Amino acid sequence: MTPDFVKTAPIQTLLDRASGMNAEGGDDRLKAIVRDLIEAVMVAIVKHDISESEFWQAVTFLQQGAGEFGLIVPGAGIEHFLDLYMDAKDSEVGLSGGTPRTIEGPLYVEGAPLVEGEANLSDDADDTDTLHMSGFVTGPDGEPVQNAVVHVWHANSQGWYSHFDPTREQTPFNNRRRIRLGADGRYAFHSKMPNGYSVPPGGATDRLMKAIGRHGNRPAHVHFFVEAPGYRTLTTQINFGDDPFAADDFAFGTREGLLPVPDRRDKSAFIAFDFQLQRAASKEDENFSTRARAKA
Ligand code: MBD
Ligand code: FE
């Protein structure tokens, strides 16, 4: 059997009815999307001759793994795909330049302390080196960006993020801050050096990765949102260029231009990194995505 089977009249009629195509109410755009998604599942079933048992195994996997969808999505490369798609759409309308965007990931928490000046991100003890990171936030012409806020978050030396730490040993905003910048657009912070992240052992993401011969490790990294009136909010992260997983990130978050090598000296490591924002074309263009985020 070939996927042409899905194109036969009875299946196409089933798809129209299943997606509400000929129903009165509902959202037309959503109907069309739902129809394409169901059809894609049907095509995969026929193409790979997926059995009834295999299909229900997949349903059970998704049911049990629902809590890890935020990890499965980047692991499957779909969050990075969204970046590549936004980049391509930007370049189609002549928008380019500035610091590259890269995935947010599932571990941001709203409401981190808003601080000014040289910031300390780490509230909790952690027996590791100190990271010192600093630089400038500029616009497309190199001008210092006014009233910028830099949101920064990263893991601890065990690779765990506060709020999501299964050991429950971290205080709520450890290694999380929002830094309000002055008129010169300079930011600076220090914190306990993060380590690479690994997906929870035995969880849905781990099982999927193992089943397809992959791993679930990320290099050590630091996440940022950079927002300022009149500019597009930047979602990005730096990954440590000297991490063993720098070229093999399970979440595809590493990008050229975002891989600084920390200058490691004694118990300190230094990273100088500047952010360049794109100008916003409208108030809406300033916003970041309305993705649902954890609150603490
Ligand atoms: C992370 O820390 C992360 O940044 C992503 C994208 C996925 C899993 C863990
Ligand atoms: Fe992360």
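The residue numbering used here restarts from 1 in each chain and proceeds along that chain's sequence as written. Chains carry letters from A onward and ligands carry numbers from 1 onward, assigned in written order. In keeping with the predicted nature of the model, local features appear solely for residues at pLDDT of at least 70, side-chain atom pairs appear and are counted solely at 80 or more, and the whole-chain, interface and lining totals rest on all residues. Side-chain measures were taken over the full set of non-hydrogen atoms in the model, leaving aside hydrogen atoms and water.

A. The arrangement of the UniProt feature "domain: Intradiol ring-cleavage dioxygenases" (unreviewed entry) in the chain in detail. UniProt positions are given in the numbering used here, feature names are shortened, and annotations may be inferred rather than shown by experiment. Under the feature "domain: Intradiol ring-cleavage dioxygenases" (unreviewed entry), the UniProt entry names residues 103-278. Helical segments are the DSSP runs of H or I of at least four residues, strand segments are the runs of E of at least two, and each set is numbered from the N terminus. Split by type, residues 103-278 is 5% helix and 35% strand. Its first and last C-alpha atoms lie 17 Å apart.

B. Quick look at helix 2 (residues 28-47). In this scheme, a helix's expected span is set at 1.5 Å multiplied by one less than its residue total. Compared with the 28 Å implied by 1.5 Å per residue over 20 residues, the 28 Å span of helix 2 between its first and last C-alpha is a close match. Taken together, the buried positions of helix 2 are Lys 31, Arg 35, Glu 39, Met 42 and Val 46. In a view along the axis of helix 2, the buried residues occupy a sector of 60°, so they form one face of it. Exposed side chains of helix 2 directed beyond 90 degrees from the buried face belong to Arg 29, Leu 37 and Lys 47. Looking at the buried side of helix 2, the elements it contacts are helix 1 (9-18). Whenever a nitrogen or oxygen atom comes within 3.5 Å of another N or O atom, the pair is scored as a polar contact, on the condition that within protein one atom can donate a hydrogen and the other can accept it, and that pairs from neighbouring residues in sequence are kept only if both atoms are in side chains. N-capping of helix 2 is provided by Asp 27, with a side-chain oxygen placed 3.1 Å from the backbone N of Arg 29. Note on classification: 1.4 Å probe, protein chains only; a residue is buried when its accessible area is under 20% of the maximum for its type, exposed when over 50%, partly exposed between these limits. Taken from the helix axis, the directions to the C-beta atoms give the arc we talk about. For this analysis, residues touch if any pair of their heavy atoms sits within 4.5 Å.

C. Representation of the coordination of the iron ion (ligand 2). Looking at the metal site, the iron ion (ligand 2) is ligated by Tyr 161 (OH), His 221 (NE2) and His 223 (NE2), spaced 1.9 to 2.1 Å from it. Each metal's donors are the N, O and S atoms found within 2.8 Å of it, except that Na, K and Ca use a 3.2 Å limit; water is left out, so coordination can look incomplete. The sequence pattern formed by the donor residues of the iron ion (ligand 2) is Y-x59-H-x1-H. Remark: His 223 occurs in strand 10 (residues 221-227) and Tyr 161 occurs in the loop between strand 5 (149-154) and strand 6 (176-180); sequence separation between them is 62 residues. The class of His 223 is buried, set by a relative accessible area of 4%.

D. Main features of the sheet that holds strand 10. We call two strands paired when DSSP finds no fewer than two bridges between them. Taken in spatial order, the 5 strands of this open sheet run 2-6-5-10-11, and their pairing is mixed. The outermost strands of the open sheet, each flanked by one partner alone, are strand 2 (114-116) and strand 11 (234-239). Across this sheet, the average inter-strand angle for adjacent strands is 30°, counted without regard to direction. Bridge count for strand 10 against strand 11 is 6 bridges, and the pairing is antiparallel. Of the residues in strand 11, the one forming a bridge with His 221 is Asn 239. Note on geometry: axes are C-alpha line fits, over the in-contact stretch for helices, and angles between N-to-C directions span 0 to 180 degrees.

E. Representation of the packing of aromatic side chains within the structure. Only Phe, Tyr and Trp rings are paired, with Trp represented by its six-membered ring, and only when their centres lie within 6.5 Å; those with planes under 30 degrees apart are stacked, over 60 edge-to-face, the remainder tilted. Going through the model one piece at a time under the given rule, you end up with 12 aromatic pairs. Aromatic side chains Phe 55 and Trp 56 sit 5.7 Å apart centroid to centroid with 85° between the ring planes, which places their arrangement in the edge-to-face category. When its relative accessible area of 29% is taken as the criterion, Phe 55 is described as partly exposed. Judged by relative accessible area, Trp 56 falls into the exposed class, the value being 52%. The structure contains a cluster of three or more aromatic residues connected by ring pairs, namely Tyr 187, Phe 189, Phe 224, Phe 273 and Phe 275.

F. Fine view of the layout of surface pockets. Its volume calculated, the largest pocket comes out at about 850 Å³. Asp 83, Met 86, Asp 90, Arg 101 and Thr 233 are the residues nearest the centre of the largest pocket, which is lined by 35 residues in total. Here the lining of the largest pocket takes 8 residues from helix 5 (residues 78-92), the largest share from any one element. Here the term charged refers only to Asp, Glu, Lys and Arg, the term nonpolar to Ala, Val, Leu, Ile, Met, Phe, Trp, Tyr, Cys and Pro, and the term polar to all other amino acids, Gly among them. Along the lines of polarity and charge, the residues of the lining of the largest pocket split into 9 nonpolar, 13 polar and 13 charged. Only protein atoms enter the 1 Å grid used here, on which a cavity is any set of points holding a 1.4 Å probe that cannot leave and a pocket is any open set flanked by protein within 12 Å on both sides along at least five of seven lines; residues with an atom within 4 Å of a point are listed as lining. Grid points are joined across faces, edges and corners, and a volume is the space filled by probe spheres set on the points. When its volume is computed, the second largest pocket comes out at roughly 570 Å³. Lining of the second largest pocket is provided by 20 residues; of these, Gln 57, Ala 58, Val 59, Phe 61 and Leu 62 occupy positions nearest its centre. Mapped by element, the contributors of at least two residues to the lining of the second largest pocket are helix 2, helix 3 (52-64), helix 4 (69-75) and helix 6 (204-211). The element best represented in the lining of the second largest pocket is helix 3, accounting for 9 residues. A per-class count over the lining of the second largest pocket returns 15 nonpolar, 3 polar and 2 charged. Per-domain counts for the lining of the second largest pocket show at least three residues from each of domain 1 (3-70) and domain 2 (96-295). Segmentation of the chain into domains, including their bounds, is taken from an automatic or database domain assignment.

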